[in-house]
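# Structure assessment
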Amino acid sequence: MTSTDLQAALTAGLPQLFEFELNPMPDESIALLTPFVCNDGTTPYIFVSEQDGGGYVLSDGCEMLAGLSQRTGCQELSPKQHYVLDRICKETPGLEKNRGELTMRCDHPEELADAVFRLGQAMLRVSDLWFLEDDIVTLTERAAAAKEMTA
């Protein structure tokens, strides 16, 4: 399947709120800008590629967990954050966490839209882990940091 065919399969199942990057990524994946808005005001991308043996892989491109470590200033997740991340992975069918990357796999083109929505929802939940950082930060400091990020 060419990138054009893959884009057509995604377009068939997704509303027009999703936008495609004009050119495929260097690894031939398609970058799909979602209409979802994370708590820091960013709109995440989902990257979709075809596997060699068939099927498709959707990825957040390591954006959610990397962004979380940037916002908290800490490379390691707190025990609370680990717990909630594990729950998100268990509660989202097909979601996998591999070395900081959230991925989802599907076998058929007609499953792509559903996988995009499930991965997108999981990405939003992961972006909210920022609010579970250790209790050293006060609510006032969190509100000030959130205001600064959206300014």
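Here's what I pulled together on the structure shown here. Each chain has its residues counted from 1, following the order in which its sequence is written. In keeping with the predicted nature of the model, local features appear solely for residues at pLDDT of at least 70, side-chain atom pairs appear and are counted solely at 80 or more, and the whole-chain, interface and lining totals rest on all residues. Only heavy atoms go into the side-chain values, all of them from the structure, while hydrogens and water stay out.

What follows concerns the side chain of Thr103. The secondary structure listing takes helices from DSSP runs of H or I that are at least 4 residues long and strands from runs of E that are at least 2 residues long, numbered from the N terminus. Its location among the elements puts Thr103 in strand β6 (residues 101-106). Only protein chains enter the accessibility calculation, which uses a 1.4 Å probe; a residue is then buried when its area is under 20% of its type maximum, exposed when over 50%, and partly exposed in between. For Thr103, a relative accessible area of 4% corresponds to the buried category. The definition of a polar contact used here is a pair of N or O atoms within 3.5 Å, where within protein one atom must be able to donate a hydrogen and the other to accept one, and adjacent residues in sequence count solely through side-chain atom pairs. There is a polar contact of 3.3 Å between the side chain of Thr103 and the side chain of Asn98. Excluding residues that lie within four positions of it along the chain, Thr103 makes contacts with Val57, Leu58, Ser59, Gly94, Leu95, Glu96 and Asn98. Residue contacts are counted whenever heavy atoms from the two residues lie within 4.5 Å of one another.

Every axis corresponds to a line fitted to the C-alpha atoms, with the helix fit spanning only the stretch in contact, and the corresponding angles, defined between N-to-C directions, vary from 0 to 180 degrees. The N-to-C vectors of helix α3 (residues 79-91) and helix α4 (residues 112-127) enclose an angle of 170°; their axes lie 10 Å apart at closest approach. Compared by their axis directions, α3 and α4 come out roughly antiparallel. For the pair α3 and α4, the contacting residues are Leu85, Ile88 and Glu91 in the first and Ala122, Arg125 and Val126 in the second. Here roughly perpendicular refers to angles of 65 to 115 degrees, roughly parallel to angles under 35, roughly antiparallel to angles over 145, and oblique to all remaining angles.

Attention now goes to the pattern of salt bridges. The salt bridge criterion pairs a side-chain nitrogen of Lys or Arg with a carboxyl oxygen of Asp or Glu, the two atoms within 4 Å. What the rule picks out here adds up to four salt bridges. Notably, a salt bridge pairs Arg87 with Glu91, separated by 2.6 Å at the nearest N-O pair. Pair noted here: Arg87 and Glu91 are both in helix α3, with a separation of four residues, about one helical turn. The exposure class assigned to Arg87 is partly exposed, which follows from its relative accessible area of 37%.

With that settled, the discussion passes to the packing of helix α1 (residues 3-13) against α4. Here α1 crosses α4 at 75°, and the two axes come no closer than 8 Å. Taken together, the axes of α1 and α4 are roughly perpendicular relative to one another. Only Leu112, Ala113 and Val116 of α4 make contact with α1, whose side of the interface consists of Leu6, Ala9, Leu10 and Gly13. Polar here means any residue other than Ala, Val, Leu, Ile, Met, Phe, Trp, Tyr, Cys and Pro, which are nonpolar, and Asp, Glu, Lys and Arg, which are charged; Gly is therefore polar. Split into classes, the residues belonging to the contact of α1 with α4 amount to six nonpolar, one polar and no charged.

With respect to topology, six strands assemble into an open sheet ordered β1-β2-β3-β4-β6-β5, the strand pairing being antiparallel. Looking along the sheet, the strands with just one partner apiece sit at the ends: β1 (19-20) and β5 (95-98). A pair of strands is labelled paired if DSSP reports no fewer than 2 bridges between them. Here four bridges tie strand β2 (residues 30-33) to strand β3 (residues 45-50), and the two strands are oriented antiparallel to one another. Opposite Ala31, over in β3, you have Phe47 as the bridge partner.

Mapping Leu129 onto the fold places it in the loop between α4 and α5 (139-150). Its relative accessible area of 1% is what places Leu129 among the buried residues. Leave out the neighbours within four places in its chain, and Leu129 touches Leu68, Gln81, Val84 and Leu85.

Turning to the packing of aromatic side chains, a few remarks are in order. Think of it this way: a Phe, Tyr or Trp ring, Trp meaning its six-membered ring, pairs with another when their centres are within 6.5 Å, and the plane angle makes it stacked under 30 degrees, edge-to-face over 60, tilted otherwise. All chains considered together, the criterion is met by four aromatic pairs. Relative to Phe117, the ring of Phe18 has its centre 5.5 Å away and its plane inclined at 85°; by these criteria the two rings are edge-to-face. With Phe18 in the loop between α1 and β1 and Phe117 in helix α4, the pair connects residues that are 99 residues apart, well separated along the chain. Under the relative-accessibility criterion, Phe117 is labelled partly exposed at 36%.

Purely spatial values, then, with no claim about function.
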